[in-house]
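Spelled out from the first residue to the last, the chains are:
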Amino acid sequence: MSQTTLLEEVVQWSKDTCRLEVKSVLPKLISMHYKTESWEEHIHVLKIITDMFLPHLSLSELEDECFSKVLPKVGNMFNKLMEEINNQVGGLSIQNTEIHSFLRNILQVMVQVLEVLSGCVRHVCSFEEAPALDSIRSLPSCILKVLRNTFQHCKESGEVYCGRLSLVGDLLQGLFKEAYSLQKGLMELMDRISLENTASEDDVADVITVIHSLLDICSVISNLDIALHANTWKFIIKQCVKYGSLVEERLRHGDITSCLCDDLLASFHSCLELAEQISQAGPQQVAHSPEYKLFQKTTKMCRFFANTLVHYIKEFKAFLSKSCRRFHQLYLQIVSKFPPSLCSPVLPSPLSEELNGAALVPMDALLSQLLPLRPFAESVLNPSQQLSPETELPHCLLLVSVMGQFPSHPEEALQLWCDGSHFPEDTPRLPLFRALFQSFRRCCTERRVPVLLPGVMMKGQAQGNVTLHHHVCVMLCARVASLPPEHFPLLERSLLEAVLQPDTQTALLATDVWCFIARYGTAELCLHHGLLTAQLVKSCGGECYQLSHLSLLLRRMVFLMTPGHQMELVERFPPSQDDNLPVWCHILLRALSHDARQRVEADIITLTNTTVTNWQKAGCKLGQLDKVNIALLSLLMVVRGVSPEAECGSSALTIISQLWVAMCPSQVKIHPSIQCTLKLLLSMSAILVKSFDPQLICQALVCVGAMVSEKCPDDLLLAALDFLASLGKVFIPHDSQSQVLPRLSDLFGTLLAERSWLINQHALEAFAHFAEVTNHEEVISQSLSSEDTKNKVVNFLSKTINAQETVESRLERLRLETSVLERHNTILEANEETAVVVSAASAGDDQSTADTEPCPKRARQETSVEEEYRRYLQTAESALRALQTLVEGRASSTPVPPPHWVTSRLQELQTLITHISTANPPNR
């Protein structure tokens, strides 16, 4: 019997006949199926096999008798159909009816193949008993290959068919629907299958293949159909969890979590785009717009992906060490799009709340699952990680959230995050508190805006918004309050590091936390920390940012000490000794108890008086003026805390009057140490000015005038402005007005015309304060000789804003200023060589920062010869200055003159210097 005759005869058979002949005819049909090369005959034979004979095979016979022999050829034929389409589609057009008909026939055959496979799935599902995987092994693998090719073709149809998609659009739509139905049926079939823990190696491998194949399909269908995409993911996760112990070591965990992260971010960004489109349309049309319905569907998918990711991490966290860095980045990317992030979009409240519930809320659950994982902690606490400016604030908030979740986790998690790495072989990991201070420091722009976060809910009070500083400080203090004692050494080290770095607000945050510890800890702990800080302040050499931050900490710490401990501080650092004055010149004396304050005031005044008297007796040597300045700085703290009528005030006035008489305006211009003395005298004079003699005021104005005429430090000008403002409280006698008032008017006029915005602002404030209380109104008019100055003062007093800055321009300005501040801090921290490199690199920065302060000139590059000249000259200068100090020191302490040969040696050196200077004149 020929093949044609057999097919014609079989088609006429009844079900009973097919059942009786299945064993003899099925092998012949399968042989015909393998030998045929015609697509039409192939699909015809395939339908006969699956429709007429497959129902008469038992479940145990399906694989060996049919699927294993038929389905491989089906998969190959489907691939050839796809290849044929790609080869012929170039000629597709409405005029070329032959190619048009040919391609439509191929697509129809593909649809029929999918229908046949769907029939196979339905037949297997029709059995009451759940099928064993080995009884249908060839079916899932064949279906998954066909499905992937089909979905890929549908996804790329716009590119494949170009502008001729309408010619085959109906068949492509039918193809997709049939593939959709086939995949749904396959997933239902796989759900019915169960494997025992003793399952064979082949069965486990088949399940793994199904999961990974559907994972590949997910990447194809993500933009085709939302429901299919979600259902596929549900099935993948369900299968992974169902066979957890069997498949966990073979799953491509990295690929699964990576795809989930990609899908979550894609849906999240789609939500943001839709939300921005809806918000632009206006709030009235939000609920009724088609975009809003799509937004709701997309947020639902976003929530689904987020929850699915959390569920998968919960089940397989032991296998996700390599994915932790990706989870860290995912968290930052999502949080960066929500307030208070500066790059978050402004959305209507309903849209913002929906998006918050879909993406931001699940991040807390995600963090809860990741927190115990060492690789995640290593990623977050990596000391060398480079974050973009947009993710600096999210990273800081992540660290704060980690602290907030410690109570719900075991002690091991606290140790993992708080202790840092200990051994060289460990992956570097910062202690949490240190990482938090560093992250807070990098959020400079956000602190200056400032961004606002929800505050802690208090009983009887509405929840308000707080700054980032407030938020971090509250969370830090709450965590410190419950911190086990063994973690305190690292906390204290982190606090000290934060205090000693150059960013002032970060140091202030550390100071706030430190004071919390001192306040709520024991009194002995407060004393210990206070004595330690005082010793650090004492050991600081000269003015530096470390001294500024440490003195702030000490000043606040003294307020928290008990009276007995304050007296102990006085005993440990007696103010009657010169070397302890650097401590007391930074402490507010009103923080001390009555007894301690009286002793400190008396000791400082006595020591200052002695120091000034000895300096004057020694001939007012310039080399000893630094010692006088330290004493005056301590005296300033006394003056600020007492009334001028008090005995201490009277004693201080006597000392100040003596020094004003000794001030020489010509020397003030030259020597920085005398400028420092002048600044301190001005600060104290501003407080005691009512007790001043007019001649003393005139002397002070002469010195200030000499400084203002030259370029002098800003801090000296600020002190001068405070003094000028205080003169409004003084009535100048008529016989002295001609000496005082013109000078006062000239100084105000000069400082009000100052180009520096800092000095100009303080000059306006000082002038306004003076004008408000003075009796000498002629000074006001004489100070406003310039029309420009007069307009500035009028605008200041009327609080007129000349140019209103937009939100965007202000934010851009703050970002530019932040980069300037960060470079400045970097220079402060670096050594001299690094500072030169950074300064040279920053010299070509944007001119836009010139509105704040002019940029420094680029340092001239020196040759190696020039460097040698500079080095030798510096060495000679240092030696000569040391000799000068030795001579002046001997002159002040003993009348014995230096050896006679010193003078002759100096003359020889003078001759040598003259010879060097005239030998080769320097190039100009």
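Per an unreviewed UniProt entry, the protein chain is named Fignl1 interacting regulator of recombination and mitosis, and its organism is Hucho hucho.

**A word on the overall build of the protein chain**
Counting its secondary structure elements, the protein chain contains 42 helices and two strands. Taken over the C-alpha trace, the protein chain has a radius of gyration of 42 Å; the compact-globule value for 924 residues is 29 Å, which it surpasses by more than 25%. Principal axes of the C-alpha set define a box for the protein chain whose edges measure 140 × 75 × 65 Å. The buried share of the protein chain, taken over its 924 residues, is 45%. For the protein chain, long-range pairs separated by at least 24 residues make up 75% of all intrachain contacts whose partners lie at least 6 apart in sequence. Of the roughly 46,600 Å² of accessible surface on the protein chain, 53% is carried by carbon and sulfur atoms. Each charge class in the protein chain was averaged separately, 79 positive and 103 negative side chains, and the resulting centres sit 2 Å apart.

**Section: the environment of Phe-559**
For Phe-559, the position within the fold is in helix 25 (residues 545-559). Given the relative accessible area of 39%, Phe-559 is considered partly exposed. Through-space distance from the C-alpha of Phe-559 to that of Ile-587 is 9.5 Å; in sequence the pair is 28 residues apart. Excluding residues within four positions of it along the chain, Phe-559 makes contact with Leu-588, Arg-590 and Ala-591.

**Quick notes on the domain arrangement of the protein chain**
Split into domains, the protein chain comes out as domain 1 (57-239) and domain 2 (697-800). Centre-to-centre separation of domain 1 and domain 2, based on C-alpha positions: 87 Å.

**Re the side chain of His-565**
With respect to the helices, strands and loops of the structure, His-565 is situated in helix 26 (residues 563-572). Owing to a relative accessible area of 13%, His-565 belongs among the buried residues under this scheme. Side-chain polar atoms of His-565 contact the backbone oxygen of Ala-523, separated by 3.5 Å.

**Thoughts on the nonpolar core**
Phe-53, Trp-417 and Trp-660 are the most contacted members of the largest nonpolar core, which totals 278 residues. With 14 residues, helix 5 (residues 97-125) is the single largest residue contributor to this core. Two domains share this core, each providing at least three of its residues, namely domain 1 (57-239) and domain 2 (697-800). Not counting the four nearest positions on each side in its chain, Phe-53 is found in contact with Val-10, Trp-13, Cys-18, Glu-21, Val-22, Val-25, Leu-26, Leu-29 and Ile-48.

**With respect to the packing of helix 26 against helix 28 (residues 594-617)**
Following both chains from N to C, one finds helix 26 and helix 28 inclined at 20°, their axes separated by 9 Å at the closest point. Taken together, the axes of helix 26 and helix 28 are roughly parallel relative to one another. Remark: the crossing between helix 26 and helix 28 carries left-handed chirality. Listed contacts from helix 28 to Met-567, Val-570 and Glu-571 of helix 26 are Asp-595, Ala-596, Arg-599 and Val-600. Partitioning the contact of helix 26 with helix 28 into residue classes produces four nonpolar, no polar and three charged.

**Observations concerning the environment of Asp-364**
Tracing the sequence through the fold places Asp-364 in helix 15 (residues 349-370). Separated by 38 residues in sequence, Asp-364 and Val-402 place their C-alpha atoms 9.4 Å apart.

**Things to note about the pattern of salt bridges**
A complete count under the given rule lists 24 salt bridges for this structure. The residue Glu-201 makes a salt bridge to Arg-250 at a minimum N-O spacing of 2.0 Å. With a gap of 49 residues between them, Glu-201 in helix 9 (residues 201-221) and Arg-250 in the loop between helix 11 (244-247) and helix 12 (253-281) connect regions that are remote in the sequence. Given a relative accessible area of 34%, Arg-250 falls into the partly exposed group. Linking Arg-599 and Asp-603 is a salt bridge whose minimum nitrogen-to-oxygen distance equals 3.6 Å. Here Arg-599 and its partner Asp-603 are both found in helix 28, four residues apart, which amounts to about one turn of the helix. The class of Arg-599 is partly exposed, set by a relative accessible area of 28%. What makes Asp-603 buried here is its relative accessible area of 19%. Each of the salt bridges in this network shares a partner with another, and the network as a whole consists of Arg-448, Glu-805, Arg-813 and Glu-817.

**Things to note about unusual backbone geometry**
Excluding glycine, a negative phi dihedral is what most residues carry, and trans is how most peptide bonds are arranged. Cis geometry is found at the peptide bond from Pro-339 to Pro-340, where omega equals 10°. Within the fold, Pro-340 resides in the loop between helix 14 (324-335) and helix 15. Following Val-449, the chain continues into Pro-450 via a peptide bond in cis, with omega recorded as -10°. Structurally, Pro-450 is set in the loop between helix 20 (444-448) and strand 1 (452-454). If you check the backbone angles, Cys-620 has positive phi at about 55° while not being a glycine.

**Side note on the packing of aromatic side chains**
Following the criterion strictly, the structure yields eleven aromatic pairs and no others. Residues Phe-176 and Tyr-180 carry aromatic rings whose centres are separated by 6.3 Å and whose planes lie at 65° to one another, so their mutual orientation is edge-to-face. With a gap of four residues between them, Phe-176 and Tyr-180 both fall in helix 8 (residues 169-192), about one helical turn apart. The structure contains a cluster of three or more aromatic residues connected by ring pairs, namely Phe-151, Phe-176 and Tyr-180.

**A look at the environment of Ile-278**
Within the fold, Ile-278 resides in helix 12. Linking Ile-278 and Val-247, residues 31 residues apart in sequence, is a C-alpha distance of 45 Å.

**Quick word on the state of the cysteines**
Defined simply, a disulfide is a covalent bond joining two cysteines at their sulfur atoms. Enumeration according to the criterion identifies zero disulfides in this entry. Cys-18 takes part in no disulfide bond, and the closest cysteine sulfur to it belongs to Cys-66, at a distance of 13 Å. Between Cys-154, a cysteine without a disulfide, and Cys-218, which holds the nearest cysteine sulfur, the sulfur-to-sulfur distance is 16 Å. A relative accessible area of 11% means that Cys-154 is categorised as buried.

**A short note on the side chain of Thr-818**
Mapped onto the fold, Thr-818 is located in helix 39 (residues 807-829). Assessed through its relative accessible area of 5%, Thr-818 is described here as buried. Ignoring sequence-local partners within four residues, the contact set of Thr-818 consists of Cys-444, Thr-445 and Arg-448.

**Observations concerning a negative patch on the surface**
On the surface, a cluster of negative charge is contributed by Asp-64, Glu-65, Asp-134 and Asp-202. Mapped onto the secondary structure, Asp-134 falls in the loop between helix 5 and helix 6 (138-155). For Asp-134, a relative accessible area of 42% corresponds to the partly exposed category.

**Observations regarding the confidence of the model for the protein chain**
Within the protein chain, residue pLDDT values average 87, and 90% of them lie at 70 or more. Counting interchain partners and residues more than four positions distant, the pLDDT-below-50 stretch residues 832-863 has 23 contacts.

**A word on a nonpolar patch on the surface**
Taken together, Leu-880, Leu-906, Leu-909, Leu-912 and Ile-916 make up a surface patch of nonpolar side chains, about 440 Å² in accessible area. Per-element accounting of the nonpolar patch gives the leading share, four residues, to helix 42 (residues 901-919). Within the element layout of this structure, Leu-906 appears in helix 42.

The rules behind the values
Residues numbered from 1 in each chain as written. Predicted model: local features only at pLDDT ≥ 70, side-chain atom pairs only at ≥ 80, totals over all residues. Heavy atoms only, no water. Helix = DSSP H or I, 4+ residues; strand = E, 2+ residues; numbered from the N terminus. Rg over C-alpha atoms; globule rule 2.2 N^0.38 Å. Buried < 20%, exposed > 50% of the residue type's maximum accessible area, 1.4 Å probe, protein only. Contact = heavy atoms within 4.5 Å. Areas by Shrake-Rupley, 256 points an atom, 1.4 Å probe, with all protein chains shown as cover. Lys, Arg positive; Asp, Glu negative; His and termini not counted. Charge placed at Lys NZ, Arg CZ, Asp CG, Glu CD. Domains from an automatic or database assignment. Polar contact = N/O pair within 3.5 Å; in protein donor to acceptor, adjacent residues only side chain to side chain. Core = buried A, V, L, I, M, F, W, Y, C linked by side-chain atoms within 4.5 Å. Axes fitted to C-alpha atoms, helices over the stretch in contact; angles between N-to-C directions. Parallel < 35°, antiparallel > 145°, perpendicular 65-115°, else oblique. Left-handed = near helix turned anticlockwise from the far one by under 90°. Nonpolar A, V, L, I, M, F, W, Y, C, P; charged D, E, K, R; others polar. Salt bridge = Lys/Arg side-chain N within 4 Å of Asp/Glu carboxyl O. Phe/Tyr/Trp six-rings, centres within 6.5 Å; stacked < 30°, edge-to-face > 60°. Disulfide = S-S within 2.5 Å. Patch = residues over 30% accessible without salt bridge, like charges linked within 9 Å, V, L, I, M, F, W, Y side chains within 5 Å. pLDDT = per-residue confidence, 0-100.

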